[in-house]
Amino acid sequence: MGSEGVSKNEPCSVAIVGAGVSGSMCAHAVAEAGLQVTVFEKGRGPGGRAATRRHSTHSFDHGAQYFTAQDPDFRRLVDRWLDAGSVAEWPKSLVVLRDGESTRLDGEQRFVGVPGMSALSKELLRDVPCVFDTTVESTHRRDGRWYLSVGNGQQAGPFDVLVLSAPPAQSAVLAGEKTRLAEFAQSAPMVPCWAVVVGFSSSVDVPYDAAFVEESALNWIGRDSSKPGRPQHLDVWVLHATAGWSQSHLDRPQEFVRGTLLEAFERVTGQVALSPQMLLTHRWRYARPTRSTGVGQLYDASSQVGLCGDWLSDGRLETAALSGLRLADRIIMGDAS
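Residues numbered from 1 in each chain as written. Predicted model: local features only at pLDDT ≥ 70, side-chain atom pairs only at ≥ 80, totals over all residues. Heavy atoms only, no water.

This part takes up the packing of aromatic side chains. Under the criterion given, the structure shown has 11 aromatic pairs. Among the aromatic residues, ring-to-ring pairing joins Tyr-66, Trp-90, Phe-212 and Trp-220 into one connected group. Over the aromatic face of Trp-90 sits the side chain of Lys-227, whose NZ or CZ is 4.8 Å from the ring centroid. Sitting above the plane of the Phe-256 ring, Arg-252 keeps its charged end 3.7 Å from the centroid. (Phe/Tyr/Trp six-rings, centres within 6.5 Å; stacked < 30°, edge-to-face > 60°. Lys NZ or Arg CZ within 6 Å of the ring centre and 35° of its normal.)

Below, the structure is given as structure tokens:
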């Protein structure tokens with residue numbers, strides 16, 4: 001272990017920027033190991049892209065739609081959540097839509113948070129101090145410790161370890177100029193995703209809960225109101241555009257996006273002249289990595305700064321959780337590799 005490495009026997013404080021799944025998992029693991037942790041999140045609550053949005057009497061998952069649990073370590077945690085009722089299986093019926101035909105997908109278990117996807121981060125951060133509605137504008141290291149500038153001239157710190165779980169463009173800035181971690185983050189582009197949430201007073205007549213879509217501006221449609229624990233006053237669907245369509249129309253007005261993707265939804269489902277009671281739009285500027293780096297996480301023990309997030313792997317929620325968990329292991333053990 002290097003001279004600044006962190007071991008279980010040394011008092012250590014950790015600042016984690018971002019309360020998405022990877023940051024939340026990292027915070028949970030290092031807190032369980034007895035380290036002092038503070039999470040800083042620019043949003044009003046945890047979840048990141050696994051967030052749950054509220055509108056009037058409705059709530060829905062407009063980002064990550066479900067997750068898998070193939071890794072044994074992650075599956076053990078998911079099993080505890082299943083027993084506690086904060087996670088449930090979904091969807092019951094998943095298909096691929098292609099040329100007007102549907103092909104059912106079976107086999108792999110998929111899960112959602114209850115009553116929303118943000119339940120995952122909420123569970124992980126239950127006993128972790130968090131500072132919400134706070135943007136970390138910059139970081140600097142002095143006398144071997146980290147300090148965070150959080151706006152209005154305020155500063156947080158000092159901290160022994162800095163964890164960045166924000167998207168790569170933002171993490172690159174906070175990691176410091178010309179560092180190995182910053183350079184890696186700068187070389188990891190993300191693609192956007194336009195999301196539309198649409199609610200109908202009557203049920204859309206299709207025999208599935210969710211579908212991967214091919215040869216369309218859409219690549220995913222999911223009946224969010226069919227998820228366990230969701231309000232069912234409306235038949236609510238979440239529509240995700242393809243990365244290519246989203247990139248090409250990144251700065252188009254929301255009215256155009258809503259109209260175009262609703263028309264695409266009508267085509268792929270075979271519906272005619274649907275009349276939505278609710279129609280909302282959200283642009284995920286950093287939705288998915290363009291490629292899998294295979295790295296999982298990065299940690300520089302000499303400066304005690306680490307990176308975690310789904311962008312360091314293949315973009316799935318499960319690998320985001322594992323990214324945070326593996327980074328926590330390295331921080332706890334003071335791994336300099």
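This part takes up unusual backbone geometry. Cis geometry marks the peptide bond from Trp-90 to Pro-91; its omega dihedral reads 0°. Position of Pro-91 among the secondary structure elements: in the loop between β5 (87-89) and β6 (94-98). A cis amide bond links Val-114 with the next residue in sequence, Pro-115, at an omega value of 10°. Following the sequence through the fold, Pro-115 ends up in the loop between β8 (111-113) and α3 (119-124). For Asn-152, which is not glycine, the phi dihedral falls at a positive 55°. With respect to the element layout, Asn-152 can be found in the loop between β11 (145-149) and β12 (155-159). Owing to a relative accessible area of 79%, Asn-152 belongs among the exposed residues under this scheme. Notably, Gln-304 is not glycine yet its phi reads approximately 55°, a positive angle. Relative to the assigned elements, Gln-304 resides in the loop between β19 (297-300) and β20 (305-308). (Helix = DSSP H or I, 4+ residues; strand = E, 2+ residues; numbered from the N terminus. Buried < 20%, exposed > 50% of the residue type's maximum accessible area, 1.4 Å probe, protein only.)

Moving on, we come to the sheet that holds strand β16 (residues 218-223). If you trace the 7 strands from one edge of the open sheet to the other, you get β7-β6-β15-β16-β17-β14-β18, paired in mixed fashion. The open sheet is flanked by β7 (101-105) and β18 (278-289), the only strands paired with a single partner. Geometrically, the sheet is characterised by an average inter-axis angle of 20° between neighbouring strands, direction not taken into account. The strands touched by helix α7 (residues 254-269) within the sheet are β6, β14 (190-200), β15 (210-213), β16, β17 (235-241) and β18, with β14 carrying the most contacts at an inclination of about 70°. (Pairing = 2+ DSSP bridges. Axes fitted to C-alpha atoms, helices over the stretch in contact; angles between N-to-C directions. Contact = heavy atoms within 4.5 Å.)

This part covers the sheet that holds strand β10 (residues 138-142). Reading across the sheet, the 3 strands line up as β10-β11-β12 and stay open at both edges, with antiparallel pairing between neighbours. Edge positions in the sheet fall to β10 and β12, since each has one partner strand and no second. If you compare each strand with its neighbour and ignore which way they point, the axes differ by 20° on average. In this sheet, β11 lies alongside β10 in antiparallel orientation, the contact comprising 5 bridges. Across the sheet, the residue bridging to Thr-139 is Leu-148, located in β11.

What follows covers the pattern of salt bridges. Under the definition given, this model contains 18 salt bridges. Between Arg-110 and Glu-108 there is a salt bridge whose closest N-O contact spans 3.5 Å. With relative accessibility at 12%, the residue Arg-110 sits in the buried group. Residue Glu-108 is classed as partly exposed on the basis of its relative accessible area of 35%. One salt bridge connects Asp-314 with Arg-316, and the closest N-O pair in it is separated by 2.9 Å. The class for Asp-314 is partly exposed, based on a relative accessible area of 34%. Here the salt bridges do not stand alone but share partners, grouping Asp-61, Asp-224, Lys-227 and Arg-230 into one network. (Salt bridge = Lys/Arg side-chain N within 4 Å of Asp/Glu carboxyl O.)

This part covers helix α2 (residues 72-84). Its 13 residues give α2 an end-to-end C-alpha distance of 19 Å, which sits within 8% of 18 Å, the value for a rise of 1.5 Å per residue. Within the sequence span of α2, burial applies to Phe-74, Leu-77, Val-78 and Trp-81. Each buried residue of α2 sits inside an arc of 100° when the element is viewed along its axis, so together they form one side. Seen from the buried face of α2, the exposed residues on the opposite side, beyond 90 degrees, are Pro-72 and Asp-83. On the buried face of α2, the contacting elements are α1 (21-32), β5, β8, α3 and α8 (317-333). Phi for Gly-85, located one or two positions after α2, is positive at around 85°. (Expected span 1.5 Å × (residues − 1). Arc of directions from axis to C-beta.)

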